[in-house]
Amino acid sequence: MADRAMSELIYEITEEMEEERIDKCLAGLMDSLSRSFIQKLIREGSVLVNNRPVKGSYQVKAQDQVSFSLPEAVTPDILPEDIPLDILYEDKDVIVVNKPKGMVVHPAAGHYTGTLVNALLYHCGHELSGINGVLRPGIVHRIDKDTTGSVIACKNDLAHQAIARQLKEHAITRRYLAICHGVLKEDSGVIDKSIGRHPNDRKKMAADVKNGKHAVTHYQVLARYCQYTLLQCVLETGRTHQIRVHMASIGHPLLGDVVYGDRKSPYKLEGQTLHAKTLGFLHPSTGEYVEVDAPLPEYFKHLTQILLSNTSG
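All figures in this text were calculated on a predicted structure; none of them were measured in a lab. (Residues numbered from 1 in each chain as written. Predicted model: local features only at pLDDT ≥ 70, side-chain atom pairs only at ≥ 80, totals over all residues. Heavy atoms only, no water.)

**Quick notes on the pattern of salt bridges**
Item 1. If you walk through the whole model with that rule in mind, you get 10 salt bridges.
Item 2. Among the salt bridges present, the one from Lys-92 reaches Asp-93, with a minimum N-O distance of 3.2 Å.
Item 3. Residue Asp-293 is joined to Lys-277 by a salt bridge in which the shortest nitrogen-to-oxygen separation is 3.5 Å. Residue Asp-293 is found in strand β15 (residues 289–293), and its partner Lys-277 is found in strand β14 (residues 274–282); the two are separated by 16 residues along the sequence.
Item 4. Residue Asp-293 is classed as partly exposed on the basis of its relative accessible area, which comes to 40%.
Item 5. Ionic contacts of the salt-bridge type, sharing partners, join the residues Asp-144, Arg-244 and Asp-257 into one network. (Salt bridge = Lys/Arg side-chain N within 4 Å of Asp/Glu carboxyl O. Helix = DSSP H or I, 4+ residues; strand = E, 2+ residues; numbered from the N terminus. Buried < 20%, exposed > 50% of the residue type's maximum accessible area, 1.4 Å probe, protein only.)

What follows is the structure, given as structure tokens:
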């Protein structure tokens with residue numbers, strides 16, 4: 001592998017960060033770096049405060065200058081793969097697919113093959129927008145690995161810009177089906193809680209945290225079972241893990257969610273029971289409204305039948 005150039009990063013500590021331990025402080029500034037990796041850099045003497053190496057116990061002070069260097073990441077070759085796609089809609093501008101459970105949307109550390117992008121590269125060839133770079137060609141938004149359902153990808157930059165603008169303006173229809181723990185009393189409701197990085201676990205999100213972003217989820221009860229509720233959730237905003245975090249924040253985590261739920265599932269599930277059923281958007285070329293429905297996966301249909309029979313019995 002060729003030598004990698006070093007990229008120097010410099011931060012000035014503000015009063016809000018004062019007295020925070022340096023590894024925690026840097027983890028908050030750099031979402032892409034884990035605390036363990038930052039601690040490794042500190043042990044190696046690669047993290048400088050005011051041009052001097054520091055120890056891991058150092059507590060930052062306002063106006064401290066923190067600097068360290070990182071090797072530039074080598075972009076791996078992302079290759080087309082002949083992976084079957086469940087195509088819900090396609091034309092010269094966009095393609096909407098029904099993503100299966102267990103598939104990652106785009107390549108990232110530990111997932112450079114078997115992703116939706118690998119499949120799209122094979123199906124679409126070079127007809128994918130390049131705005132999000134070589135790791136995310138065509139990708140405007142994503143859903144979690146274990147969430148199933150509708151994902152839109154764009155085949156050119158003009159379509160990408162149009163869909164991205166609709167996402168930013170909350171003009172895209174996104175309806176999900178979910179099963180949560182517990183029986184909700186209200187037939188419908190709105191969860192209006194900001195979402196941001198969890199203060200103690202950078203791999204998780206949390207509701208009502210400092211510096212969180214505005215997030216709103218509308219929900220409607222479709223069916224009540226003995227210990228669970230089937231919901232339709234409509235996203236007004238689109239934050240990371242939004243439905244999962246919001247439902248957990250009101251005491252009703254999604255069934256099968258091992259990250260945000262603290263209750264074991266009696267069913268053999270692979271992650272949360274969440275399905276991106278409906279996706280609606282204004283077509284980037286014609287301006288006409290297009291709405292696509294992703295059929296429920298078999299595991300979800302089977303599970304609702306089990307829950308219904310348990311309730312009836």
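**Some points on the state of the cysteines**
Item 1. For the structure on display, the rule yields zero disulfides.
Item 2. Free of any disulfide, Cys-180 has its nearest cysteine sulfur in Cys-233, 7.9 Å distant. (Disulfide = S-S within 2.5 Å.)

**Side note on the nonpolar core**
Item 1. Core analysis: the biggest nonpolar cluster contains 30 residues, and Leu-120, Tyr-176, Leu-231, Ile-243 and Met-247 have the highest contact counts within it.
Item 2. The set of elements that each furnish at least two residues to this core consists of β6 (94–99), α3 (116–124), β7 (148–154), β8 (173–181), β12 (216–224), β13 (228–235), α5 (242–249) and β14.
Item 3. Among the elements that make up this core, the one with the highest residue count is α3 (five residues).
Item 4. The residues touching Leu-120, leaving out its near neighbours within four places in the chain, are Leu-85, Ile-95, Gly-125, Leu-128, Ile-139 and Ala-153.
Item 5. Ile-13, Met-17, Met-30 and Val-66 belong to the second-largest nonpolar core, a separate cluster that totals 17 residues. (Core = buried A, V, L, I, M, F, W, Y, C linked by side-chain atoms within 4.5 Å. Contact = heavy atoms within 4.5 Å.)

**Overview of the pairing of β7**
Each regular strand shows side chains that alternate between the opposite faces of the sheet.
Item 1. Of all seven residues in β7, seven are buried; the element is thus mostly enclosed.
Item 2. One ladder, built from six bridges, connects β6 with β7; its direction is antiparallel. When the bridges of β7 are listed, Val-96 appears paired with Ile-152.
Item 3. Where β7 meets β14, two bridges bridge the pair, whose relative direction is parallel. For Gly-149, the partnering residue across the bridge sits in β14 and is Ala-276. (Pairing = 2+ DSSP bridges.)

**Digging into helix α6 (residues 298–312)**
Side chains three or four residues apart in an α-helix point the same way, a direct result of the helix having 3.6 residues per turn.
Item 1. For α6, which comprises 15 residues, the first-to-last C-alpha distance of 21 Å matches the rise-based estimate of 21 Å (1.5 Å per residue) to within 8%.
Item 2. If you check which residues of α6 are buried, you get Phe-300, Leu-303, Thr-304 and Leu-307. Each buried residue of α6 sits inside an arc of 100° when the element is viewed along its axis, so together they form one side. Along α6, the residues that are exposed and aim more than 90 degrees away from the buried face are Glu-298, Gln-305 and Ser-312.
Item 3. Elements that come into contact with the buried residues of α6 comprise β8, β13 and β14. (Expected span 1.5 Å × (residues − 1). Arc of directions from axis to C-beta.)

**What to know about the confidence of the model for the chain**
Do not read the fine detail of predicted coordinates wherever pLDDT is low.
Item 1. For the chain, the mean per-residue pLDDT works out to 90, and 95% of the residues sit at or above 70.
Item 2. Predicted confidence for residues 1–6 stays below pLDDT 50, and this span has 11 contacts to residues more than four positions away or in other chains. (pLDDT = per-residue confidence, 0-100.)

**Focus: helix α2 (residues 35–43)**
Item 1. Of the positions making up α2, those classed as buried are Ile-38, Leu-41 and Ile-42. End-on view of α2: buried residues confined to an arc of 100°, all on one side of the axis.
Item 2. Positive phi shows up at Gly-45, right after α2, with a value of about 80°.

**Remarks on the pairing of β14**
Item 1. Here β14 lies mainly inside the structure; seven of its nine residues are buried.
Item 2. As judged from the six bridges shared by β8 and β14, these two strands associate in the antiparallel manner. Paired with Thr-173 across the two strands is Gly-280, which belongs to β14.
Item 3. Where β14 and β15 come together, five bridges link them in antiparallel fashion.

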